[in-house]
Number of protein chains: 2
Amino acid sequence: MNNFSLNTPTKILFGKGQIANLGKEIPAGARILITYGGGSIKKNGVLEQVRKALEGRPVFEFGGIEPNPTYETLMKAVEVVKAEQIDFLLAVGGGSVADGTKFIGVAATYTAGDPWDILLTRGAKVTSGVPLAAVLTLPATGSESNNGAVISRAATGDKLAFFSPFSYPTFAVLDPVTTYTLPPRQIANGVVDAFVHTVEQYLTYPVEGRVQDRFSEGLLLTLIEEGPRALAEPENYDVRANVMWSATLALNGLIGAGVPQDWATHMIGHELTAMHGLDHAQTLAIVLPSVLEYKREQKRAKLLQYAERVWNLRDGSEDERIAAAIQATRDFFEKMGNPTRLSAYGIDGSTIPALVEKLKEHGCTALGEHQDITLADSQRILEAAR
Amino acid sequence: MNNFSLNTPTKILFGKGQIANLGKEIPAGARILITYGGGSIKKNGVLEQVRKALEGRPVFEFGGIEPNPTYETLMKAVEVVKAEQIDFLLAVGGGSVADGTKFIGVAATYTAGDPWDILLTRGAKVTSGVPLAAVLTLPATGSESNNGAVISRAATGDKLAFFSPFSYPTFAVLDPVTTYTLPPRQIANGVVDAFVHTVEQYLTYPVEGRVQDRFSEGLLLTLIEEGPRALAEPENYDVRANVMWSATLALNGLIGAGVPQDWATHMIGHELTAMHGLDHAQTLAIVLPSVLEYKREQKRAKLLQYAERVWNLRDGSEDERIAAAIQATRDFFEKMGNPTRLSAYGIDGSTIPALVEKLKEHGCTALGEHQDITLADSQRILEAAR
């Protein structure tokens, strides 16, 4: 097992009716900014529940944070934070709202220049941030209890990540009932996203991290069992609860502590979203099977373990079991409604050189758990995914 | 799934050499009290590593915290905390030292009377405490990252628990190398303790907590695989690492969040330790199989799941599989060197009425996940364990 440092400070309030309890988690006297997205939380009553939980307190609101939240929009929220002297941010929505709110939090106290520099490849260090919390309505990214965020810049087509110790939500409210009204596409995306997050921390090479492996396999099995049911039975509380809890645990640091991590699929996928506007999870469903096929030799031991423990594939040669496990992964994504080929979205491959150019621009020249996926490899991975 | 609130604020520093990094986790200027037990940390070099990590800082030491730490000893440490104006406690050792240090922390700032009243059945509320952290040298209790502690009172033979929001260690250092020199009995006890902690949160009744079930099964499988190896190969780093990480995760709140919990085995076991001086884990190995047999009807569904997923028992009738799973549990404890009968310790059953009287005195009149294990049931469970 590798050495690790694991920090999971976000307090989780999970279950039916938990929004009503969030008031006591926010410091008394705080001037609170509720941040949200396109307004679905107005229709499904979640915003009303949050307002009620904060009744009588100084509350402001900022809506309109888009999927793949943009610097341009978020900087408007930063102006509100400064103008209204906000000292607590409450993100209400999915991963995009949580991610965007993390950026608002650190950008609002950043004084060393343009907050865009906070994004990873620009390298500016974050030294403070406005405290934040999340009310999650879309299980997917795990952003509600980790310290990372992915931000896009509309003007340039960039999509970049940052991590900061000031960006852990202090608490997160997860009420599965809030997910009942989500469109099927968003539930499907969430299940695929959580699945791929888990795979990125699991399907690498063995380091005798037995607990981490068993936990990852537990999340994958749960998502395989409950994902299709979440589509078929949208108001089955336990199914939605299992999906929601899986998605949070897939990216709170726990399963990735002490083991190698891949993340090539995410890095390549980000470019597809930035250039072609595909949903994040749509890109993952396309790229992951291609990465697994391309790196099957280096991932052999873990692919065999994955085949046996997750897909119960015990017959045939090693190569047959590996092929069957990758096919099962593909079938699972397709069953969730997420195609696994670029062609399904009318992308014919002519943009692959431009996508690779963007990877280069973003420093993604050595991806994967061995940092050996070069730009040429990424090109082949994309070509095999046509 | 049941509603839950989950708080895991303890930062984990895991791995070889991590003791060297603890200095920066303790606030600058803090007056630090290192607490420890019988002195094994002097022999194995751990105390020296800790001292080195804190070189040049105001450090005091308090040794002699015994297994099943006593109120009498801990109150002496409280005097040191007050006299030396200590503002950070660093527990170096196993669960007893961590538990004892938690009591020192809250007792030192308790002003409403005798700190013994903090123990659960005496009901006094804790409103503050001296911050603490732990350097773990004996994987077993999970105390290094939860907010509970069990304290004994030598004068009366009582053994009682408390939980406080001020008793979470701020960080915990887990270096598997520090466990190499542990006597086999302590490693065996630790594995059994972690196993039973997991079972207490798993073998109840189904509530569709699929992730919790899979995680619990993952810990049990890891302990079954690695427990005997930890005895056979004391300096196998990965084996010790897997045992250590399993023990922490078995009782940090995670696997028990949102599911019913039993704890009858622990409550009955505490009385055996208090009256007969058995090690904590020795009592668990005796009581658990008896509880499972006695409650097999109420636990039927989970016992069948346990039989299949943990022990791979798929053949025979339901009753046969349940019997085989309980027998496998018994065999595992015996293989670890922990007998599963009172008679192995020369306890003939004549003290059972007195043990039940102690349970009554400590309010343990309705144990288990259904709170339906009466004193008469506990008596039968003990009699069946002779």
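Bear in mind that the values here come from a model prediction, so they are computed numbers and not experimental data.

1. Side note on the relation of the copies chain A and chain B
- With an RMSD of 0.0 Å, the operation that places chain A on chain B is a rotation of 180 degrees combined with a shift of 0.0 Å along the axis. Considering both components of the superposition, the chain copies are consistent with a two-fold axis. Rotation axis and chain A: the residue whose C-alpha lies nearest the axis is P9(A), separated from it by 2.2 Å.
- The residues that chain A uses at the interface reappear at the interface of chain B in 100% of cases, marking a shared surface.

2. With respect to the pairing of strand β8 (residues 171-174) of chain A
Residues and elements named next belong to chain A.
- Side chains F171 and V173 project from β8 onto one buried face, and the interleaved A172 and L174 project onto a second face that is buried too.
- Bridge count for strand β1 (residues 4-14) against β8 is four bridges, and the pairing is parallel. If you follow K11 over to β8, its bridge partner there is F171.
- Strand direction decides the pairing type here: strand β5 (residues 132-136) and β8, joined by three bridges, are parallel. For A134, the partnering residue across the bridge sits in β8 and is A172.

3. Considering the environment of L355(B)
Residue and element names in this part refer to chain B.
- Counting through the fold element by element, L355 comes out in helix α12 (residues 352-361).
- L355 sits in the buried class, given 20 other C-beta atoms within 10 Å.
- Residues L355 and A328, spaced 27 residues apart in sequence, show a C-alpha to C-alpha distance of 28 Å.

4. Some words on the sheet that holds strand β5 (residues 132-136) of chain B
- Pairing is mixed across the open sheet formed by twelve strands, whose spatial order is β3(A)-β2(A)-β4(A)-β5(A)-β8(A)-β1(A)-β1(B)-β8(B)-β5(B)-β4(B)-β2(B)-β3(B). Two strands in the sheet have a free side with no partner beyond their single neighbour: β3 (59-62) of chain A together with β3 (59-62) of chain B. Across the sheet, the mean angle from the axis of one strand to that of its neighbour is 25 degrees, orientation sign disregarded.
- Along the sheet, helix α4 (residues 95-108) of chain B makes contact with β2 (32-35), β4 (88-93) and β5 of chain B, crossing β4(B) at roughly 165 degrees.

5. Observations concerning the environment of E271(A)
All names here are of chain A.
- Mapping E271 onto the fold places it in helix α8 (residues 264-276).
- E271 sits in the buried class, given 27 other C-beta atoms within 10 Å.
- Sequence separation between E271 and E357 is 86 residues, and the spatial gap between their C-alpha atoms is 9.7 Å.

6. What about the nonpolar core?
- Judged by nonpolar contacts, the single largest core of 243 residues is most densely connected at V92(A) and V92(B).
- Sequence-distant contacts of V92(A), that is, excluding residues within four places in its chain, are made with I34(A), T35(A), Y36(A), I41(A), V46(A), L47(A), V50(A), V97(A), V135(A) and T137(A).

7. As for the interface of chain A and chain B
- Chain A puts 33 residues into the contact, and the matching count from chain B is 33 residues.
- Breaking the side of chain A that touches chain B down by element, the ones donating at least two residues are β1, α6 (210-232) and α7 (237-249) of chain A.
- Class assignment for the residues of the side of chain A that touches chain B results in 14 nonpolar, eleven polar and eight charged.
- Inspection of the sheet shows β1(A) paired to strand β1 (residues 4-14) of chain B by seven bridges, in the antiparallel sense. Following the sheet pairing, F14(A) is matched in β1(B) by F4(B).

8. Concerning helix α8 (residues 264-276) of chain B
All names here are of chain B.
- Compared with the 18 Å implied by 1.5 Å per residue over 13 residues, the 18 Å span of α8 between its first and last C-alpha is a close match.
- Most of α8 sits out of view: eleven of its 13 residues are buried.
- Every buried residue belonging to α8 is among A264, T265, H266, M267, I268, G269, H270, E271, L272, T273 and A274, and all of these are buried.
- Lining the buried residues of α8 we find β6 (148-153), β7 (158-163), α5 (184-200), α9 (280-294), α12 and α13 (375-384).
- A positive backbone phi angle near 75 degrees is found at G277, which sits one or two residues after α8.

9. Topic: unusual backbone geometry
- Non-glycine residue W263(A) carries a positive phi angle of around 75 degrees.
- Here W263(A) shows up in the loop between α7 and α8.
- Residue classification places W263(A) among the partly exposed positions, given that 19 C-beta atoms sit within 10 Å.
- Although it is not a glycine, Q85(B) sits at a positive phi angle of roughly 50 degrees.

Each value, and the rule that gives it
Counting starts from 1 at the beginning of each chain's written sequence and moves along it residue by residue. Chain labels run from A onward and ligand labels from 1 onward, assigned in the order the entries are written. Only residues with pLDDT of at least 70 get local features here, since the model is predicted, and only at 80 or more are side-chain atom pairs given and counted; chain-wide, interface and lining totals rely on the full set of residues. Superposing the copies works by least squares over the C-alpha atoms of residues that have pLDDT at least 70 in both of them. Here, residues touch in the contact sense if the C-beta positions derived from the backbone fall within 7 Å of one another. Think of it as a crowd count around each C-beta: if 20 or more other C-beta atoms lie within 10 Å the residue is buried, if 12 or fewer it is exposed, and in between it is partly exposed, with C-beta placed from the backbone throughout. The numbering of helices and of strands both runs from the N terminus, where a helix is a DSSP run of H or I of at least 4 residues and a strand a run of E of at least 2. At least two DSSP bridges between two strands are needed for those strands to be called paired. Every axis corresponds to a line fitted to the C-alpha atoms, with the helix fit spanning only the stretch in contact, and the corresponding angles, defined between N-to-C directions, vary from 0 to 180 degrees. Connectivity within a nonpolar core runs through C-beta atoms within 7 Å, and the core itself is a set of buried Ala, Val, Leu, Ile, Met, Phe, Trp, Tyr and Cys residues. Here the nonpolar group is Ala, Val, Leu, Ile, Met, Phe, Trp, Tyr, Cys and Pro; Asp, Glu, Lys and Arg are the charged ones; every other residue, Gly included, is treated as polar. A helix is expected to span 1.5 Å multiplied by its residue count minus one.

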